[in-house]
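Chain residues, written in single-letter form:
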Amino acid sequence: MAEQLPRAVELVRRLRSIREVAEVLDGEGELFPYEADAFTLLRGRALAVVFPLSARAVQEIVLACNAAGTSYVARGAGTGLSGGATPVDGCVLIEFSRMNRVLEIDVTNRTAVVEPGVINADLSEMVAPLGLHYAPDPSSQSACTIGGNIAENSGGPHTLKYGTTSPHVLEIEVVLPDATLVKLGRRDGHCAGYDLRGLFVGSEGTLGLVTCATVRLVPDPETVCTLLASFSSLVGACEAVAGIIASGVLPAALELLDDRTIEAVEASVYAAGYPRDARAVLLIELDGAAQGVAEERECVERVCRERQAIDVRAAVDEAERAALWRGRKGAFGAMGRLAPDLYVHDAVVPRTRLPEVVAEINEAAARRGLRLANILHAGDGNLHPNISFDRRDANQLQRVREMGEEILRICIEAGGVLSGEHGIGIEKRDYMRMLFDECDLEPMRWVHDAFDPEDRCNPGKLIPTPRACAESNPRHRGYAKVEF
Amino acid sequence: MQPFAAIVGTEYVQPPSAPTFGGAKLEAVVRPGSPEEVAACLGAARSEGIPVIATGGGSKLHWGNPPDVSALALLDLGRLNAAPELQPEEGIATAEAGVRVDALARAAAERGSCTSLADIFPQATVGGTIAADPPSPTHSVERRARNDLLGLEVALPTGELTRAGGKVVKNVTGFDLVRLYCGSLGTLGVITSATLRLRSLPGARRVLRRDFDELGAALSAATELMQTPLELAGVALEPGSEGWGLVWLLEGGETSVAEFAGRFAGDPASDEDWRAVGREIGESERVNGHARVRLGARPSDTRSLCQQLQRLAGDRSLRVVLPRAGLAFADVPAEALPELWRETESRGWSLFLEHLPVGLEYDVFGPEPAGLPVMRALKHRFDPDRVLAPGRYVGRI
Amino acid sequence: MSDATAGASGLIDYEATLDCVHCGLCLPSCPTYQETGRESSSPRGRIYLMRGVAEQRLPLEGLVAEEMQLCLGCRACESACPAGVRYGHLLEGARAEIDARGARGRLRRLSERFLLRNLVGRRGSLRGFVAGLRLYQRSRLQAFMRKSRLLWLLPPLARADALLPRISSPHRPPAVVPALGRRRGRVAFFSGCLMPELFGATNAATVEVLVRNGFEVVVPEKQGCCGALQAHCGDLRGAERLRERNRLAFPSEGIDAIVVNSAGCSASLKECGDSLSGAVRDIAEFLADVGIEPPRGRLELRVAYDDPCHLLHGQRIADAPRALMRQIPGVELVDLPGHSDCCGAAGIYNLTQRRMASRLQDRKIEALRRTRPDVLATGNPGCLMQIAAGVRRARLPVEVLHPIDLLARAYAKESQLDF
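## Brief notes about the sheet that holds strand S4 (residues 92–95) of chain A
All names here are of chain A.
Moving on, step 1. Read from one edge to the other, the open sheet built from four strands follows the order S1-S2-S4-S3, with strand pairing classed as mixed. Each edge of the open sheet carries a strand with a single partner, namely strand S1 (21–25) and strand S3 (72–75). On average, adjacent strands in this sheet sit at an angle of 20 degrees to one another, irrespective of strand direction.
Moving on, step 2. Lying over the sheet, helix H3 (residues 55–68) contacts S1, strand S2 (48–52), S3 and S4, oriented at roughly 150 degrees with respect to S2.

## Things to note about the nonpolar core
Proteins that are soluble and globular tend to have nonpolar side chains buried together.
Moving on, step 1. Within the largest apolar cluster, 203 residues are counted, with the highest numbers of intra-cluster contacts made by Leu 123, Leu 282, Ile 284, Val 447 and Phe 451 of chain A together with Ile 130 and Leu 378 of chain B.
Moving on, step 2. The greatest single-element share of this core, amounting to eight residues, is contributed by helix H14 (residues 394–413) of chain A.
Moving on, step 3. If sequence neighbours within four positions are ignored, Phe 451 of chain A has contacts with Leu 176, Pro 177, Leu 196, Leu 199, Phe 200 and Leu 207 of chain A together with Val 374 and Leu 378 of chain B.
Moving on, step 4. Phe 189, Leu 287, Val 303 and Val 375 of chain C belong to the second-largest nonpolar core, a separate cluster that totals 39 residues.

## Comments concerning the packing of helix H3 (residues 43–54) of chain C against helix H6 (residues 87–100) of chain C
Residues and elements named next belong to chain C.
Moving on, step 1. Where H3 contacts H6, the axes come no closer than 11 Å and their chain directions differ by 45 degrees. By the angle between their directions, the pair H3 and H6 is classed as oblique. The crossing of H3 and H6 is left-handed. Only Tyr 87, Leu 90, Leu 91 and Ala 94 of H6 make contact with H3, whose side of the interface consists of Pro 43, Arg 46, Ile 47 and Met 50.
Moving on, step 2. Of the residues assigned to the contact of H3 with H6, the class counts are seven nonpolar, no polar and one charged.

## Examining the domain arrangement of chain B
Many analyses report the size of an interface as the accessible area lost when the parts associate.
Residue and element names in this part refer to chain B.
Moving on, step 1. Entries for chain B in the domain assignment read domain 1 (2–79 + 381–396), domain 2 (85–200), domain 3 (202–282) and domain 4 (284–366).
Moving on, step 2. Taking only C-alpha atoms, the centre of domain 3 and the centre of domain 4 are 23 Å apart.
Moving on, step 3. In this assembly, 22 residues from domain 3 lie in contact with 16 residues from domain 4.
Moving on, step 4. Around 1,600 Å² of area is buried between domain 3 and domain 4 when both sides are counted, 58% of it from carbon and sulfur atoms.
Moving on, step 5. Between the two partners, domain 3 and domain 4, sit two salt bridges.
Moving on, step 6. Arg 292 is the partner of Glu 280 in a salt bridge, and the nearest nitrogen-oxygen pair spans 3.0 Å.
Moving on, step 7. In this assembly, domain 3 and domain 4 are joined by seven residue pairs in polar contact (both at pLDDT 80 or more).
Moving on, step 8. Where the side of domain 3 that touches domain 4 is concerned, the elements lending two or more residues are helix H6 (215–227), strand S14 (232–239) and helix H8 (271–282).
Moving on, step 9. For the side of domain 3 that touches domain 4, the element with the most residues is S14, which contributes eight residues.
Moving on, step 10. When the residues that make up the side of domain 3 that touches domain 4 are grouped by side-chain class, the tally is 13 nonpolar, six polar and three charged.

## Let's talk about the domain arrangement of chain C
All names here are of chain C.
Moving on, step 1. For chain C, the domain assignment lists domain 1 (3–104), domain 2 (107–163), domain 3 (176–290) and domain 4 (301–418).
Moving on, step 2. Contact residues are listed per partner, giving seven residues for domain 2 and nine residues for domain 4.
Moving on, step 3. At the boundary of domain 2 with domain 4, the tally comes to zero salt bridges.
Moving on, step 4. For the interface between domain 2 and domain 4, the tally reads zero residue pairs in polar contact (both at pLDDT 80 or more).
Moving on, step 5. Of all the secondary structure elements, the ones that give two or more residues to the side of domain 2 that touches domain 4 are helix H7 (106–120) and helix H10 (155–163).
Moving on, step 6. At four residues, H10 tops the list of elements feeding residues into the side of domain 2 that touches domain 4.

## Things to note about the sheet that holds strand S5 (residues 102–106) of chain A
Within a sheet, neighbouring strands are paired by backbone hydrogen bonds and run either parallel or antiparallel to one another.
Residue and element names in this part refer to chain A.
Moving on, step 1. Spatially, five strands are ordered S5-S6-S10-S8-S9 in an open sheet, and the strand pairing comes out antiparallel. In the strand order of this sheet, the two ends are held by S5 and strand S9 (181–185), each with one partner. Averaged over all adjacent pairs, the angle separating strand axes in this sheet is 15 degrees, with direction ignored.
Moving on, step 2. Two elements, S5 and strand S6 (residues 111–114), share four bridges in a ladder whose sense is antiparallel. In the strand pairing of S6, Val 102 is matched with Val 114.
Moving on, step 3. Running over the sheet, helix H4 (residues 120–127) touches S5, S6 and strand S10 (209–216) and is turned about 45 degrees from S5.

Rules used in this analysis
- Residues numbered from 1 in each chain as written.
- Chains lettered and ligands numbered in written order.
- Predicted model: local features only at pLDDT ≥ 70, side-chain atom pairs only at ≥ 80, totals over all residues.
- Heavy atoms only, no water.
- Pairing = 2+ DSSP bridges.
- Helix = DSSP H or I, 4+ residues; strand = E, 2+ residues; numbered from the N terminus.
- Axes fitted to C-alpha atoms, helices over the stretch in contact; angles between N-to-C directions.
- Contact = heavy atoms within 4.5 Å.
- Core = buried A, V, L, I, M, F, W, Y, C linked by side-chain atoms within 4.5 Å.
- Buried < 20%, exposed > 50% of the residue type's maximum accessible area, 1.4 Å probe, protein only.
- Parallel < 35°, antiparallel > 145°, perpendicular 65-115°, else oblique.
- Left-handed = near helix turned anticlockwise from the far one by under 90°.
- Nonpolar A, V, L, I, M, F, W, Y, C, P; charged D, E, K, R; others polar.
- Domains from an automatic or database assignment.
- Buried area = accessible area lost by both parts, 1.4 Å probe.
- Salt bridge = Lys/Arg side-chain N within 4 Å of Asp/Glu carboxyl O.
- Polar contact = N/O pair within 3.5 Å; in protein donor to acceptor, adjacent residues only side chain to side chain.

Below is the structure:
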């Protein structure tokens, strides 16, 4: 970094001259912690980190990058788990943390206009006095930004009833790779033409940069009932999930945590009172009108008991309910205490296949002598097997890598997909072919090409390089695979 | 039509029922029998330079601008109608494009389930309904069929079949192409089958209504209704023989529905009252010299939408209003269209012209949307030779 | 640079840095990240920097050293961290490493260390110094200095002067204060170094409330500074010497608890894991546990409580002080926005990182301006000084007190009732 190329120096100078840029970081130490987001197995080094304050500034940053032929990567809070915000070597990292104003709350139409750096939970907290909330609730919601959620089409426990991010985003203002500023979608939801908004949400920052978004706010449910059901077997818990779905009840959330997860959570600051002797617990949330919820609760309790639940109890008050959820949402981080490293996986299978898939994954892990903890958005069939390991042990690392592939293979064979909510990023880019063939990938390339023909916007993410031209394509840019 | 016949067999290349379509000569109706044949037909269309318009039941075939080519063929997906595969326990249903929406709804209901596809257009098919993404009486800002669309198989002009999405209820594996195809009116590819979210049929359903002398009062009541804490499945306003009716639908568990019904008083009404709303949207008759207009805005602008339509087109022009979606459907005389267009533009509303009197040269999709350059770029990448419904889409793409 | 690559000496606890899984949940809790938005000013970023130094991928000098000093050590991140990363411990190690490698200005480091060891750490010299300050305030010299703007000639002095609270008389209790009424137990009182000198009234209030509730209070004569400030600044050896003194001073038997009224001290004493640790209780924690006799004196006050970081994050005590104050008739507890965020005091941070400290102080003042309480209560001398200084500057009609002061006042009012 000490000897920058003249062009890079010139680019940094130009970035610094942009009026509504708060700061440009280019020191070695300053850049160092940006080399990875929450997916730490691969890393890259940015040329500079720039903090825009306005859409105008973002446009000028893109213009400057285009003039210099430099690629750029957007970053929110860096909580992504597939490396979506990992810098490609030598890129400009555009950090949206300071574009964090809530510009408008419209109570009548139940919408909010926010800048991309607004923290997910902050928005909900802000509109709470109005009896509203922002529904998508990824586990990292206390830190992650709405811009990042839009890029990843983030899910969360309440996706089961309320959907992922996409249906909650009505309009986005974006800076396209040609530096034009354009609105996609409409605040009223009646946009003519292709659903570019829908295409953009979940594009992992490869199609442009969101500078403003109109999102839906959802009325708080009148009654919420959070149940904790404990089971003496993982399979029993999975069967209860199927039973609940079959009963016709649509819970707001239906989460499964296995014993290892319980152990980690209960040892953390987010200890929630999950029973330590259970092999698995279900966290079931029902919401709606009081009478209806009471009936659903009866039904769910009956189903759980029929599936040999050891215990089913409801949170007695808001504090207990909050604690149960904090435990769930802190679960991933809590696993940090199990071993020096953690690999959080994310895949989806048809939900009735969960018992066998989880059993098969656990067996495969045991065969490799790996320690695995499971968290499932069970109602959606979305699994998060988490492998604790120590990357300094090369042999173990190799087994972890194999295990990752094995998990995906098992899920795909069961009719599943590669990711339910964490995205593809760089983590799974090269696994895309396990699911899709070239005919399926080609339209994705067309889309990318229509938005970003020069391939400067978060290059190398999400879409694997065409087989034939892997060598010559500029997309075949590497990240420092220090660990793998 | 030889290349098509070679693919689907001569008996499935049939003469059209009308000689022209939107000013273009209709060469034939091609009826492929499998997704592979659809893809092969598109490949042939491209290599032979014969543009095609895909169609299902034909209920919305009139939606869109006239094609800007002199001759074309219709690609009828009606033969792709194998029995749908329903998996209520997984919450998914997979159906071929030519399966009729009402047949799918019946099959699902037998399994205690439903999809969110609008079942208000006679003869409409799964593929056509996804491609057109029409509004329905239960339509609202948050309830859109596209949110329940999980996976698609699509034939491309390259002659290949491609998959988007998957057969699971949650999926972020790659770009969300499903949403791109949905509502694209067959201009990027032709949908051959779809996987949809299947939900449990609500345990109870109740239609309620209130009648008002005039629209203003009905709109005020609608606003009040929408602010009442209820789980509303749909709200509509429709003109009666005199005055206006506010009709709403409650769905859910029996207890919840009973509780909600008590919160906002209304007269008991029948399912037929609700179906009438759907018919007004799905089976609109062409009124001579009038355009059927769908005007959209934010829900809070519904009143001014209605006022403008009444001012421009007369009191009886409004056919149905969906206040929760901010949508109004009206028959507007041709001479009022220029001003309606201007109002739409200046107020930032959206406009779609379902029927247009012959001879009028409007883009039926209304004022140009932001993002049109990107839409053009997409169209160019997907369909570089303009084989799929050329000229019919937004901005005459 | 050369010795930076010479290998990680043992002071950065590398293994402990690996507990961080980079999830980022700590970011919003970090005051310096909130202010700068820089990853390197966040807990996750700082841990990553420490790791980088330990892995010899990054020099310690320059940015890393600066960021470690910019950290308040408020440990709000620990309350947010699901992985249970011991951030405070990591920070002390990193700061010690910085000092060990001489990666910080030598003069600054030595003067800081000299002052902390010899002024704060030694009772006699501190007493003399504060007595001088008290004289300075009372002789109207302070008023003159402030008015004449002579202070402006010496900015560091002006800063220290602005922080100075109104110094009450020193608190010199007898070695044993008997319980009033029915005797419920016996506690030792950790009087602290600055507290008896700068906040004598609060120390007196603490003893009063304890005896009023039936506790005999012993105040060991030979006790002294807890060593927290020294440890936070990387002077682990200096801190250890002070701790040793306290181990000798306090009785190990015959007491129910060692009660501390300064959150910074109670946190530090609890954590050093020595023979005293198990017995240490913060005053609010102790009183809430054993239960107090609700005061009958009324205080018609709107009170906002601000959580001291070392009570909330260091000891996870949030409810106890609030519960105590709620027992005072007439007191209305109001919610202070940002009550769990650091006020910028952070030991001697407000003297060493004054720009960041004053940004955080401004936030606190802004919250007070919106909330408009009569009293701001907080249980730590650094916070009391920092917030009071901000209140004085902003000329807000808010009294800044320790919760124990309020309790003592309410008890004092009882005697008036009895007449």
